[in-house]
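Tertiary structure, described
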Amino acid sequence: VLLAANDELTHTPAKPAAMGDSFYRMGRQAAERSNLSLRYGYPWETLLQSAVQGHLDEKGEENRRTLGHRGWLLDPRLGAVGFGLASSASGKQYIVLPVSDRSGTGKTPAAVTWPGSGDFPNQVFSPETPFSVSLDPGQLTLPAEAELTATLTRWRDGAVFSVTGGTLPETLEGNAPYLLVNDPGYGL
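Treat the numbers as computed from the prediction; the structure is a model and nothing was measured. (Residues numbered from 1 in each chain as written. Predicted model: local features only at pLDDT ≥ 70, side-chain atom pairs only at ≥ 80, totals over all residues. Heavy atoms only, no water.)

1. What to know about the overall build of the protein
- On a plain count of helices and strands, the protein comes out with 5 helices and 7 strands.
- Going from N to C terminus, the protein has its helices and strands arranged as α-α-β-α-α-α-β-β-β-β-β-β.
- Along the longest, intermediate and shortest principal axes, the C-alpha atoms of the protein span 60 × 35 × 30 Å.
- Long-range contacts, defined here as pairs at least 24 residues apart, represent 55% of the contacts in the protein between residues at least 6 apart.
- Summed over all atoms, the accessible surface of the protein reaches about 11,400 Å², with 55% contributed by carbon and sulfur.
- Distance between charge centres in the protein, computed from 15 positive and 20 negative side chains, equals 4 Å. (Helix = DSSP H or I, 4+ residues; strand = E, 2+ residues; numbered from the N terminus. Contact = heavy atoms within 4.5 Å. Areas by Shrake-Rupley, 256 points an atom, 1.4 Å probe, with all protein chains shown as cover. Lys, Arg positive; Asp, Glu negative; His and termini not counted. Charge placed at Lys NZ, Arg CZ, Asp CG, Glu CD.)

Next up, the structure:
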């Protein structure tokens, strides 16, 4: 409601003049501790699905550098989640997905990958979607970026692709291969 009232997607929303203090504090806290989405023109039937998919895709150069939205969603410690949804006067839909609950009871694996191992539905993975591996620091130690090489084998023809860490393209947009080590503190 706060994001829609301001018609702005931000983790630090300003207080609208007509909003009460306690309601504003609740909205501000939700914006600070949640994955946020802005949608416009999506059918209601797929609106929330598109928001979750957007968090997993991590489109945009800054998102690709941290993969924070995905990290929060795939964190095995994540427990209760829900959605907040409000439309602004301009017709934009603001979606808030809280990701700070840590009541998850699942065993923490040594690594969480996207895409996951084995068969993976291509409907939730586009050519621009970065792969990721999140490591549990209690179980695995990450080597220096320059010491890492990622090797992928294309299933349909056995073609092998490798990328070594330490060299980034000028932009992370598109399909240019890169390997980036990052510990932004989002999720696992």
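2. Structural notes on the pairing of strand β7 (residues 160-164)
- Alignment of strand β6 (residues 149-153) against β7, held across 5 bridges, turns out to be antiparallel. Looking across to β7, one finds that alanine 150 is bridged to valine 163. (Pairing = 2+ DSSP bridges.)

3. As for the sheet that holds strand β2 (residues 84-87)
- With respect to topology, 3 strands assemble into an open sheet ordered β1-β3-β2, the strand pairing being antiparallel. Pairing within the sheet leaves two strands with one partner each, and these edge strands are β1 (34-39) and β2. Put simply, the sheet's adjacent strands are angled 15 degrees from each other on average, direction ignored.
- For β2 and strand β3 (residues 93-98), the ladder comprises 4 bridges, and the chain directions are antiparallel. By the bridge assignment for β3, glycine 84 is matched with valine 96. (Axes fitted to C-alpha atoms, helices over the stretch in contact; angles between N-to-C directions.)

4. What to know about the pattern of salt bridges
- Considering all chains together, one arrives at 6 salt bridges under this definition.
- Residues arginine 65 and glutamate 61 are paired through a salt bridge, measuring 3.1 Å at the closest nitrogen-oxygen approach. With arginine 65 and glutamate 61 both in helix α4 (residues 61-66), this residue pair falls 4 residues apart, about one helical turn.
- Residue glutamate 61 is classed as partly exposed on the basis of its relative accessible area, which comes to 25%.
- A salt bridge links aspartate 157 to arginine 154, with the nearest nitrogen and oxygen atoms 2.8 Å apart.
- A relative accessible area of 30% means that arginine 154 is categorised as partly exposed.
- In this structure, a network of salt bridges that share partners links the residues Asp75, Arg77 and Arg102. (Salt bridge = Lys/Arg side-chain N within 4 Å of Asp/Glu carboxyl O. Buried < 20%, exposed > 50% of the residue type's maximum accessible area, 1.4 Å probe, protein only.)

5. Concerning the pairing of β1
- Burial of β1 is extensive: 5 of the 6 residues sit out of reach of the surface.
- Across 6 bridges, the pairing between β1 and β3 is antiparallel. Bridge assignment links serine 34 to a residue of β3, and that residue is proline 98.

6. Some details on a nonpolar patch on the surface
- On the surface, Trp44, Leu48, Phe83 and Leu85 cluster together into a nonpolar patch covering about 390 Å² of accessible area.
- Along the chain, leucine 85 turns up in strand β2.
- Exposure remark for leucine 85: the relative accessible area of 36% places this residue in the partly exposed category. (Patch = residues over 30% accessible without salt bridge, like charges linked within 9 Å, V, L, I, M, F, W, Y side chains within 5 Å.)

7. Overview of the side chain of serine 50
- Mapped onto the elements of the fold, serine 50 is located in helix α3 (residues 47-57).
- Separated by 2.7 Å, the side chain of serine 50 and the backbone oxygen of leucine 47 make a polar contact. (Polar contact = N/O pair within 3.5 Å; in protein donor to acceptor, adjacent residues only side chain to side chain.)

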